[in-house]
Amino acid sequence: MNLNLSSVVLPVSRRLRRAMPPVACAVALLCVPLPVRAQADLVEITREVVPGASRPIPVSVSGFTGEALAVIEFDLYVQGFSFTTPDAAQFLLSGSNDGSLTGRAMDRINKSLLVNKSYTGATLRRQAHAFVEDFIRAIGRVPIDASKKIAFKLDTGANSEIYVADFDGYGAQAVTRDNTIVAAPAWVPGRLALYYTSYRLGNPDIFFHDLSTGQRRVFARYPGLNTSAAPSPDGRRVAMILSKGGSPDVYVADADGGNLVQLTHTAADESSPCWSPDGRWICFATKINERRVLAKVPASGGALQVISTRGVSNPSEPDWSPDGKWIVFTAQMGGFEICVVPAEGGTATVLVSGEDPSWAGNSRTVIFARRQGGRRVLSLLDVPTKQAKDASRFSGSSSQPSWAR
Amino acid sequence: MNVNKLTYLLICVVAASLAATGCKKKPVVVTPLPQGRTVLPGGEKPSELPEGGKLGPGEQVGTGGGALAGLEEFEGMLADRAALAAHTVHFDFDSAVVKKSELPHVEAVAAALKADPTVKLLIEGHCDERGTEEYNRALGERRALALREALVKRGVAPERIRTISYGEDRPVDPGHNEEAWAKNRRGEFVLLRPK
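A. Seen up close, the pairing of strand β6 (residues 161–167) of chain B. Residue and element names in this part refer to chain B. Most of β6 is tucked away, with seven of its seven residues classed as buried. Two elements, strand β5 (residues 120–126) and β6, share six bridges in a ladder whose sense is parallel. Paired with G125 across the two strands is S165, which belongs to β6. This β-α-β element, β5 to helix α3 (residues 133–153) to β6, shows right-handed connectivity.

Structure below.
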């Protein structure tokens, strides 16, 4: 597998030593009785996503209790950390949450203090999220931004509605009460606004819903199918699937619905468009010679190019990572598997069972839906380590998550 | 929590951190977070939909849902689900090809439309759960469009036919086995009668 990993593998200890004043003194060495562990035990902190091939970084967490502890452990687990005793940990996280949260993070190997903060305001959950964000930023990585919400489809018996929640599933709120099928939510980048598909007017139509004002309007309502809206990274254009031309095809329009352009002209059915972060490409699922493939077209129109997903079959539901390097998608091979492939195509890596993945802004964590019995539950996946954990549960079947970025 | 307690806590943390690092004073930085979580105005009760948007040519879609002796309204017409219920067409897995064995149903529906020029037709495309959701929404549309094509070939005017895809969202059998899936991969014909 060619993952193009030539660059920036930064052992954290050396990086931080450069950043910190030389403070290693005799007292510190005396305070910590254990010798520095062999270098081989260190997990290198890298900015590169190595799908499914990275070891989790061992940390110890002490002093926190209850909800704060649960939030800290959840956030760390879905960003590639594992839990161990202080003498085996690479980083030591400690603190307290008596009223408000105080947190401290130390690099056990070079004894540097990474975070030493007290948090006030908002909720204890938010304080715990903020502490983990500070720690992950201190070791040179991009953390999950806990202020970014998820939107998803929640089945309510025969119907489904759109809900939004924190990324870990807490604080869920209904966005629609249409008493029909509502599906396929997609965030507008940088805004508290969604596009989604609702059958409220007797047809699958695309709606735009500004959650900051509560106002919504019909965005696309052509004869036949109007679904899978995907706003461009700058929010000015929207890719979507329409069938008004006689077959489900990819179209793109301006954010006001005007300037509609048909981008594919196939007899096969296209589905689930997404954008490259530079706004130049639209990637989607289609069929060529009855074989399901991922493909892309220039957003301004042009020839269709297949994106190779060697090693897996029946790809659909692509999502392009915000750093531009990867496309995560669902492969159907008996069951459903979350897979990732370099954005230019290549050999795919199977990560975990599930479907409909959506990247977080950190280009590392993915939210997806996992089938359990007859229903679906939302789950988070750390792509490099394949560590996955369910978000908090809802009473109905929840699917089609979209992570705001 | 009162101020004294907080102060005591901070002192403890600073002391602990000094003990652990042993050599450099590191004051605790306090990070205030904005109060409250994001409130979504109108989230619980979406505002009424304004007219407009990008409507297809000549469409006036009714609200639907209101049962009128089993008939619901669709585009100003009454939707009669019972009339053609016997002619539901079934599809193979992941296929939108109308099988030869299903063609008698298509013939019967074509005959019903030719016999009464006042009626129109709504074709619903449905899928089993063995596909991703938006893929199935597209596949259901392609099934409905394949049936539309077969009817047009038999002389039905295309402007009398509307299609709608429900993907996997409206199964007739909620089971998770081959028997249920075979029933759910279907195209249903709904006769639209003038009011």
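That shown, we press on.
B. Structural detail: the state of the cysteines. Inspection of the entire model under this criterion finds zero disulfides over all chains. Here A:C274 is not cross-linked by a disulfide; its sulfur's nearest cysteine counterpart is in A:C283, at 4.3 Å.

C. Main features of the sheet that holds strand β18 (residues 261–262) of chain A. All names here are of chain A. Strand order in this open sheet of four strands is β15-β16-β17-β18, and the pairing throughout is antiparallel. Because the sheet does not close on itself, it has two edges, and the strands there are β15 (226–231) and β18. Direction of pairing for β15 relative to strand β16 (residues 237–242): antiparallel, over a ladder of four bridges. In the strand pairing of β16, N226 is matched with L242.

D. Molecular detail of the packing of aromatic side chains. Residues and elements named next belong to chain A. Taken as a whole, this structure holds 11 aromatic pairs over all chains when the rule is applied. With a centroid separation of 5.4 Å and 70° between ring planes, the pair formed by F91 and F135 is classed as edge-to-face. In this pair, F91 sits in strand β5 (residues 91–96) while F135 sits in helix α4 (residues 124–138), placing the two residues 44 residues apart along the sequence. Given the relative accessible area of 0%, F135 is considered buried.

About the cut-offs
Residues numbered from 1 in each chain as written. Chains lettered and ligands numbered in written order. Predicted model: local features only at pLDDT ≥ 70, side-chain atom pairs only at ≥ 80, totals over all residues. Heavy atoms only, no water. Buried < 20%, exposed > 50% of the residue type's maximum accessible area, 1.4 Å probe, protein only. Helix = DSSP H or I, 4+ residues; strand = E, 2+ residues; numbered from the N terminus. Pairing = 2+ DSSP bridges. Right-handed = clockwise from strand over helix to strand, strands pointing away. Disulfide = S-S within 2.5 Å. Phe/Tyr/Trp six-rings, centres within 6.5 Å; stacked < 30°, edge-to-face > 60°.

That's the geometry; what it means functionally is another story.
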